[in-house]
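An overview of the molecular structure
What follows is each chain in one-letter form.
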Amino acid sequence: KAGVTQTPRYLIKTRGQQVTLSCSPISGHRSVSWYQQTPGQGLQFLFEYFSETQRNKGNFPGRFSGRQFSNSRSEMNVSTLELGDSALYLCASTKEGAGRSQYFGPGTRLLVL
Amino acid sequence: GESVGLHLPTLSVQEGDNSIINCAYSNSASDYFIWYKQESGKGPQFIIDIRSNMDKRQGQRVTVLLNKTVKHLSLQIAATQPGDSAVYFCAENNNNDMRFGAGTRLTVKP
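As the structure is a computational prediction, the values presented were derived from the model and not from experiment. (Residues numbered from 1 in each chain as written. Chains lettered and ligands numbered in written order. Predicted model: local features only at pLDDT ≥ 70, side-chain atom pairs only at ≥ 80, totals over all residues. Heavy atoms only, no water.)

Of regular secondary structure, chain B possesses 0 helices and 10 strands. Going from the N terminus to the C terminus, chain B shows its helices and strands as β-β-β-β-β-β-β-β-β-β. For 110 residues, the compact-globule estimate of 2.2 N^0.38 gives 13 Å, and chain B sits close to it at 14 Å. Reported as C-alpha extents along the three principal axes, the dimensions of chain B are approximately 45 × 40 × 25 Å. Looking at chain B as a whole, 40% of its 110 residues are labelled buried. Considering only contacts within chain B whose residues lie at least 6 apart along the sequence, 53% involve residues at least 24 apart. When the accessible surface of chain B is summed, it comes to about 6000 Å², and 44% of that surface belongs to carbon and sulfur atoms. Each charge sign in chain B was given a centre, from 11 positive and 10 negative side chains, and these centres are 3 Å apart. (Helix = DSSP H or I, 4+ residues; strand = E, 2+ residues; numbered from the N terminus. Rg over C-alpha atoms; globule rule 2.2 N^0.38 Å. Buried < 20%, exposed > 50% of the residue type's maximum accessible area, 1.4 Å probe, protein only. Contact = heavy atoms within 4.5 Å. Areas by Shrake-Rupley, 256 points an atom, 1.4 Å probe, with all protein chains shown as cover. Lys, Arg positive; Asp, Glu negative; His and termini not counted. Charge placed at Lys NZ, Arg CZ, Asp CG, Glu CD.)

Once that is clear, we can look at the interface of chain A and chain B. Where interface size is quoted, it is often the accessible area lost as the parts come together. At the junction of the two partners, chain A supplies 23 residues and chain B supplies 20 residues. For the interface between chain A and chain B, the tally reads 0 salt bridges. Mapped by element, the contributors of at least two residues to the side of chain A that touches chain B are strand S4 (31–38), strand S5 (42–50), strand S6 (53–57), strand S9 (87–94) and strand S10 (103–104) of chain A. Take the side of chain A that touches chain B: its biggest share by element is 3 residues, from S5 of chain A. Residue classes in the side of chain A that touches chain B are distributed as 10 nonpolar, 10 polar and 3 charged. (Salt bridge = Lys/Arg side-chain N within 4 Å of Asp/Glu carboxyl O. Nonpolar A, V, L, I, M, F, W, Y, C, P; charged D, E, K, R; others polar.)

As a further point, take the packing of aromatic side chains. For any pair of aromatic rings, the description rests on two quantities: the centre-to-centre distance and the angle between the ring planes. Within the structure shown, the criterion is met by 13 aromatic pairs over all chains. In textbook terms, an aromatic cluster arises when at least three aromatic residues are bridged by ring pairs, as seen for Tyr 35, Phe 45, Tyr 103 and Phe 104 of chain A together with Tyr 36, Phe 46, Phe 89 and Phe 100 of chain B. The ring of Phe 50 of chain A carries Arg 55 of chain A above its face, with NZ or CZ at 4.2 Å from the centroid. (Phe/Tyr/Trp six-rings, centres within 6.5 Å; stacked < 30°, edge-to-face > 60°. Lys NZ or Arg CZ within 6 Å of the ring centre and 35° of its normal.)

Residue and element names in this part refer to chain A. Mapping Gln 68 onto the fold places it in strand S7 (residues 64–68). Overall, Gln 68 belongs to the buried group, its relative accessible area being 6%. In terms of polar contacts, Gln 68 uses its side chain to reach the backbone carbonyl oxygen of Arg 30, at 3.1 Å. Not counting residues up to four positions away in its chain, the partners in contact with Gln 68 are Arg 30, Val 32, Tyr 49, Phe 50, Ser 51, Glu 52, Thr 53, Arg 73 and Ser 74. (Polar contact = N/O pair within 3.5 Å; in protein donor to acceptor, adjacent residues only side chain to side chain.)

Looking now at the sheet that holds S7 of chain A. Residue and element names in this part refer to chain A. Spatially, S1-S3-S8-S7 is the arrangement adopted by the 4 strands of the open sheet, whose pairing is antiparallel. The two strands at the open ends of the sheet, each matched to only one other strand, are strand S1 (5–7) and S7. With direction set aside, neighbouring strand axes in the sheet form an average angle of 20 degrees. Bridge count between strand S3 (residues 19–24) and strand S8 (residues 74–78): 5 bridges; the pairing is antiparallel. (Pairing = 2+ DSSP bridges. Axes fitted to C-alpha atoms, helices over the stretch in contact; angles between N-to-C directions.)

And the structure:
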């Protein structure tokens, strides 16, 4: 069974731009969660989607948004990028929901210049 | 200005020795706990989980111990191998709210 895939793997943007990251969960998994990982803050929860609905949300500004499609694939978008948004963005999928046997993708490393 | 990063605790062990990695969690209502391993350049990899109604769970070469009284979780790795070198972090879950620890860097010396 294929694992969680994320595209692109690496991305360089400049301040003020926007970015869209994509995540394909493990087949059969309906929950997709997004996390931001930085050396300064560690791993922080962004949001969780289940059956195309946002079910949980972390403490991030409205510039961070996401959506989930009917095939469970998910995208997250960051608008008006700031230098501090440079991070590894991880997606995790699970059958039951965030917090239960999550499997992570390799991440997208975003660098904002 | 200078950015300040998380200072990860480190654990250095000799190949073949047992490793014990500790984690203190914050929410006494958390009912599910997971240990992850993250190698450089990769996403976190699920190792083992435990529910709050248990105090011990064993996997292949790994054991997780849960002490709810002091809100402490530990991961024991038997016969540590060079491939075990990574950052290990715990996660606690309460009603689908996942919180992660900062992690411990394990280095295995040959």
